[in-house]
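Take a look at the letters that make up each chain.
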Amino acid sequence: MLAHQRIDHSKSETASGSVPGFLVLPQRSAKPRRAGLSHVLDNGLSLAEMQNRLDAAGASIDLWKVGWGISYVDPQLVAKVEVLKERQVIACPGGTLLEVAWRQGAAARFFDWAEAVGFSAVEVSNGTVSMTRQQKDELIRAASGRFEVLAEVGRKDPALGLTPEEWSQHATADIAAGARWVVAEGRESGTVGLFTSEGEPRTDIVDAMVAAVGLERVLFEAPQRAQQAWLIRRFGPEVNLGNISAGDALALETLRLGLRADTLDASFVHDPTREAT
């Protein structure tokens, strides 16, 4: 586990906003963050539902991905992207939509559309549609001149697994091509790619990704609470976590701050019961 700093919040705010101020909590960077990112998956929320989620946890949310191809059919998309911009949340369409566009020879039109809508980031993936390393590099380079790029590593089909060495090689190549972050595939289920079919972390892949590009450049898709807690215990509260349900964003912040049993020991500051033993 990496050591991480702690800060007295008696006269400050956490990522989740104002706090009562009587606890010493792990240090969390303020928005706009470059590390410690919480990446939310929008599975078809309405504008009103999204606003409710942002009212509850907007200060803790950094990236908002409109999943799969939902942004293509969402009648409230433009209004949602405008609200996200006002809340300092990076808006991103799902990577599957770009895969479909690329397969149909419409990648350039996709980028024009995404820019016109107001997306400030795009995800470049090849988890479903096969493309060569060179083709993915070209797509990342084309996107990086106009957007922040999240490049996904890993396959959605568990039968098409990669070795840890291949994960690290792809992550390195994605960053070299112009990606801001590499996304470690876990899907919305947390049972493929980065995780076993039982949802257990594949430590060799986690370590290979971090060794290849550094912790701040990796965004781990970790939809399950146990997976989030494991990564926070291993790397501290500033680990980047993705595919979080919009309704779980504030609960994730409590995991980062050691305000749940799952990570209480990881953020230990002062425990009288330990001193007495």
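Since the model is a prediction, treat every value here as computed from it, not as a measurement. (Residues numbered from 1 in each chain as written. Predicted model: local features only at pLDDT ≥ 70, side-chain atom pairs only at ≥ 80, totals over all residues. Heavy atoms only, no water.)

Draft legend 1. A look at helix α3 (residues 77–86). Of all the positions in α3, only Leu77, Lys80, Val81, Val83 and Leu84 are classed as buried. Buried positions in α3, seen along its axis, are confined to an arc of 160 degrees and lie on one side of it. Opposite the buried face of α3, by more than 90 degrees, sit the exposed residues Lys85 and Glu86. Against β5 (38–42), α1 (47–57), β6 (63–66), α2 (70–73), β7 (90–93) and α5 (107–117) lie the buried residues of α3. (Buried < 20%, exposed > 50% of the residue type's maximum accessible area, 1.4 Å probe, protein only. Helix = DSSP H or I, 4+ residues; strand = E, 2+ residues; numbered from the N terminus. Arc of directions from axis to C-beta. Contact = heavy atoms within 4.5 Å.)

Draft legend 2. Seen up close, a nonpolar patch on the surface. Taken together, the side chains of Phe22, Leu23 and Leu259 define a hydrophobic patch exposed on the protein surface, amounting to about 330 Å² of accessible area. Leu23 gets classed as partly exposed once you look at its relative accessible area, which sits at 39%. (Patch = residues over 30% accessible without salt bridge, like charges linked within 9 Å, V, L, I, M, F, W, Y side chains within 5 Å. Areas by Shrake-Rupley, 256 points an atom, 1.4 Å probe, with all protein chains shown as cover. Salt bridge = Lys/Arg side-chain N within 4 Å of Asp/Glu carboxyl O.)

Draft legend 3. Structural view of the packing of helix α6 (residues 133–144) against helix α7 (residues 164–177). For the pair α6 and α7, the least separation of the axes is 8 Å and the interaxial angle reads 35 degrees. The element α6 and its partner α7 pack so that their crossing is right-handed. From α6, Arg133, Lys136, Asp137, Ile140, Arg141 and Ser144 reach across to α7, where they touch His170, Ala173, Asp174 and Ala177. Per-class residue counts for the contact of α6 with α7 are three nonpolar, two polar and five charged. (Axes fitted to C-alpha atoms, helices over the stretch in contact; angles between N-to-C directions. Left-handed = near helix turned anticlockwise from the far one by under 90°. Nonpolar A, V, L, I, M, F, W, Y, C, P; charged D, E, K, R; others polar.)

Draft legend 4. Highlighting the pairing of β7. In β7, alternate side chains face the same way, and those of Ile90 and Cys92 on one face and Ala91 and Pro93 on the other are all buried. Here β6 runs beside β7; their pairing, made up of four bridges, is parallel. Within the sheet, the bridge partner assigned to Trp64 lies in β7 and is Ala91. (Pairing = 2+ DSSP bridges.)

Draft legend 5. Seen up close, the nonpolar core. Among the nonpolar cores identified, the biggest contains 67 residues, and Trp64, Met209, Phe220 and Leu241 are the most heavily contacted of them. Leu241 has contacts with Leu37, Ser38, His39, Leu219, Phe220, Ala222, Gln228, Leu231, Ile232, Leu252 and Arg256, leaving out every residue within four places of it along the chain. Counting residues in each nonpolar core, the second largest holds nine residues, with Cys92, Ala121, Leu150 and Leu219 among its members. (Core = buried A, V, L, I, M, F, W, Y, C linked by side-chain atoms within 4.5 Å.)

Draft legend 6. Structural context of the packing of α7 against helix α8 (residues 203–213). For the pair α7 and α8, the least separation of the axes is 8 Å and the interaxial angle reads 30 degrees. Comparing the axis directions of α7 and α8 gives the class roughly parallel. For the crossing formed where α7 meets α8, the hand is right-handed. Contacts from Pro164, Trp167, Ser168, Ala171, Thr172 and Ile175 in α7 reach Asp204, Ile205, Ala208, Met209, Ala212 and Val213 in α8. Class assignment for the residues of the contact of α7 with α8 results in nine nonpolar, two polar and one charged. (Parallel < 35°, antiparallel > 145°, perpendicular 65-115°, else oblique.)

Draft legend 7. Geometry of the sheet that holds strand β9 (residues 148–153). Strand order in the open sheet formed by eight strands is β7-β6-β5-β12-β11-β10-β9-β8, and the pairing between neighbours is parallel. Unpaired on one side and paired on the other, β7 and β8 (121–124) mark the two borders of the sheet. Looking at each pair of strands side by side, their axes are set apart by 25 degrees on average, direction ignored. The pairing of strand β11 (residues 218–221) with strand β12 (residues 240–245) spans three bridges and is parallel.

Draft legend 8. Summary view of the packing of aromatic side chains. Inspection of every chain in the model, using the stated rule, returns six aromatic pairs. With 5.8 Å between their ring centres and 50 degrees between their planes, Phe110 and Trp113 make a pair best called tilted. Highlighted residues: Phe110 and Trp113, both in helix α5, separated by three residues, approximately one helical turn. Geometrically, the ring pair formed by Trp113 and Phe119 is tilted, given 5.9 Å between the ring centres and 55 degrees between the ring planes. (Phe/Tyr/Trp six-rings, centres within 6.5 Å; stacked < 30°, edge-to-face > 60°.)

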